[in-house]
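Okay, here's what each chain looks like letter by letter:
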Amino acid sequence: MAMNQPDNFDIQERQKSIRTKGRQSQPINCQADSIAGCVSQRACVYCGARVVLNPVTDAVHLVHGPIGCASYTWDIRGSLSSGSDLFRYSFSTDLREEDIIFGGERKLTRCIDELAERYHPQVMLVYSTCIVGVIGDDLEAICRKASLQHGIKVIPVQSSGFSGNKSDGYRVACEVLLRMIATPEDVPRQAHHLNYLGDFNLAGEAWIIRGYLQEMGIHVNVAFTGDSSYETLRTAPTASLNIIQCAGSMGYMAKRMQEIYGIPFLNISFLGLEDTVESLRRISAFFGDPLIASRTEALIQREMAIYGPTIQNYRRRLQGKKAAIFVGGGFKAISLIKQFRELGMEVVMVGTQTGQPEEYDTIHQLVSDGTVVLDDANPSELERFMLEQGADLLVGGVKERPLAFKLGRAFIDHNHERKHPLSGFTGAANFAREVEETVCSPVWKYLDK
Ligand code: SF4
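A. Broad picture of the sheet that holds strand S5 (residues 153–157). With parallel pairing, 4 strands are arranged side by side in an open sheet as S3-S2-S4-S5. The strands lining the two open edges of the sheet, one partner per strand, are strand S3 (91–92) and S5. Relative to strand S4 (residues 123–128), strand S2 (residues 60–64) runs parallel, the two sharing 5 bridges. By the bridge assignment for S4, leucine 62 is matched with valine 126. Packed onto the sheet, helix H1 (residues 45–53) meets S4 and S5 and runs at close to 160° relative to S4. Strands in contact with helix H5 (residues 139–150) are S2, S4 and S5; relative to S5, the strand with the most contacts, it is inclined by about 170°.

Right, here's the structure in full:
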């Protein structure tokens, strides 16, 4: 018998997490657990931890759990390495029914031993998954013993999927990184050295930004975690500044590094021309060095002369088109709103998986009346608001792609799977070209919307 399914928007608890600017004035409900009965687009704790730690290039990433959790294998993710390729594997203990009944500790120990002997890594990260949290394998004790036996860092990542949401996974990853960079004594600070937090070197994005900073006379100790290694991560405490691209995943890390090492931090963004220019100037101002300031202005002038007219060309084709955004963090959503504004496009729907209250305040200020803002959305809501708001394009990740295409809408991948850079001046031009190609594709006229 067919049943009448309620629309997800009819689930009363969800209404607090959906706001239309100009119609509802109460702050949006965010940073809360997902509502039972909704299929959240949000990822699990393990996924949050893995996404942050995976680009540590010379680490063995060992997933203690069923094989399905170990899906980050060879090149599904777009992080690039200038050194080791070890991170591109995804090792798993492949827990089966028998292990669940009798415990997986012996199997885990055997896996660690085998990997240590075969690959001789300096660091091994052992991820806990849902079932490991349920059966209670003692990862901490096993890793401690293995560290002593093999003379390497074997660090547990306590990321059982059910123990929270993706944001909790970010925090778990930051705790692991803090363990990796810990120094027994105070280290001297190096002038004009910084760490670049929240860039995962997708398609070489961290290399683009490193190039700009080098030209300004600033050295990047390490990016967290794009193209990082155990050795480069351990140079982090000597930096004079932390800059943060992805505040959702790395805001906690920056705050802890300020407490422990006294390193101040700046939230920046290299998405879009406007934010890139502003971020470079803010970094330059922090160091207060006239030579850095003059190099920064020369760089901005040169790049804007190249990419400013390119963006204007795309703007002529895109003016008046409508965009919907659903991404992981609030900071990226804010930059994307500005980037669509640069392209003359109106943002009609914007949502995030893990946005924070102050980020939603900024989003609220940036968007026009009538824009729908939603936290921790589900597919039903995304489809509904894309249609109601008349979006021509959705920008999101791999889980959102089929939603857009099924509705006959253009789509842009802005997640870790992509293979082309969207950061900096060159990334802004790539983004504009991709938006134009998908929104203006002739294919849409053959669809019956
Ligand atoms: S929710 Fe649990 S089972 Fe699913 S991927 Fe995350 S850790 Fe694995």
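B. Broad picture of helix H6 (residues 166–181). Helix length check: H6 (16 residues) gives 23 Å between terminal C-alpha atoms against 22 Å at 1.5 Å per residue, within 8%. Most of H6 is tucked away: 13 of the 16 residues are buried.

C. Looking closely at the sheet that holds strand S10 (residues 322–327). Across the sheet, 6 strands lie side by side as S1-S12-S11-S10-S13-S14; this open sheet has mixed pairing. The open sheet is flanked by strand S1 (18–20) and strand S14 (410–413), the only strands paired with a single partner. Shown here is a sheet whose adjacent strand axes are inclined to one another by a mean of 15°, direction ignored. Note that strand S13 (residues 393–396) and S14 share 4 bridges and pair parallel.

D. Expanded view of the domain arrangement of the chain. By domain assignment, the chain separates into domain 1 (45–164), domain 2 (193–296) and domain 3 (315–446). On a C-alpha basis, the centroid separation for the pair domain 1 and domain 3 is 34 Å. On the side of domain 3, 4 residues touch domain 1, which itself brings 4 residues to the contact. Partitioning the side of domain 1 that touches domain 3 into residue classes produces 2 nonpolar, 1 polar and 1 charged.

E. Spotlight on the site of the ligand. Surveying the vicinity of the ligand reveals the residues Cys44, Tyr46, Cys47, Gly65, Cys69, Thr129, Cys130 and Gly161. Considering only residue class, the shell around the ligand consists of 5 nonpolar, 3 polar and no charged.

F. Representation of unusual backbone geometry within the structure. Threonine 225 follows phenylalanine 224 through a cis peptide bond whose omega is 0°. Of note, alanine 203 is a non-glycine position whose phi angle comes to about 55°, a positive value. By secondary structure assignment, the location of alanine 203 is in the loop between strand S6 (193–199) and helix H7 (205–216).

G. Up close: the nonpolar core. In terms of nonpolar packing, the biggest core is built from 125 residues, with Leu62, Met124, Leu125, Ala323, Ala324, Ile325 and Leu393 touching the most fellow members. Tallying contributions element by element places H6 first for this core, with 8 residues. Beyond its immediate sequence surroundings of up to four residues, methionine 124 is in contact with Ala59, Val60, Leu62, Ile112, Leu115, Ala116, Ile152 and Val154.

Calculation rules
The residue count restarts for each chain, going from 1 along the sequence in the order it is written. Where local features are concerned, this predicted model is filtered to residues with pLDDT of at least 70; where side-chain atom pairs are given and counted, the filter is 80 or more; whole-chain, interface and lining totals use all residues. Two strands qualify as a pair provided that DSSP identifies no fewer than 2 bridges between them. Secondary structure counts use DSSP, requiring at least four H or I residues in a row for a helix and at least two E residues in a row for a strand, with both numbered from the N terminus. C-beta atoms are first placed from the backbone for all residues, and any pair lying within 7 Å is then listed as a contact. Every axis corresponds to a line fitted to the C-alpha atoms, with the helix fit spanning only the stretch in contact, and the corresponding angles, defined between N-to-C directions, vary from 0 to 180 degrees. Each helix should span, by expectation, one fewer than its residue count multiplied by 1.5 Å. Whether a residue is buried, exposed or partly exposed is read from the other C-beta atoms within 10 Å of its own C-beta, which are placed from the backbone; 20 or more gives buried, 12 or fewer gives exposed, and intermediate counts give partly exposed. Domain boundaries shown here were taken from an automatic or database domain assignment. The nonpolar class holds Ala, Val, Leu, Ile, Met, Phe, Trp, Tyr, Cys and Pro. Asp, Glu, Lys and Arg form the charged class, and all remaining residues, Gly among them, are polar. To decide whether a residue is near a molecule or strand, its C-beta atom is placed from the backbone and checked for lying within 6 Å of it. Each nonpolar core consists of buried Ala, Val, Leu, Ile, Met, Phe, Trp, Tyr and Cys residues. Their C-beta atoms, within 7 Å, join them into a set.

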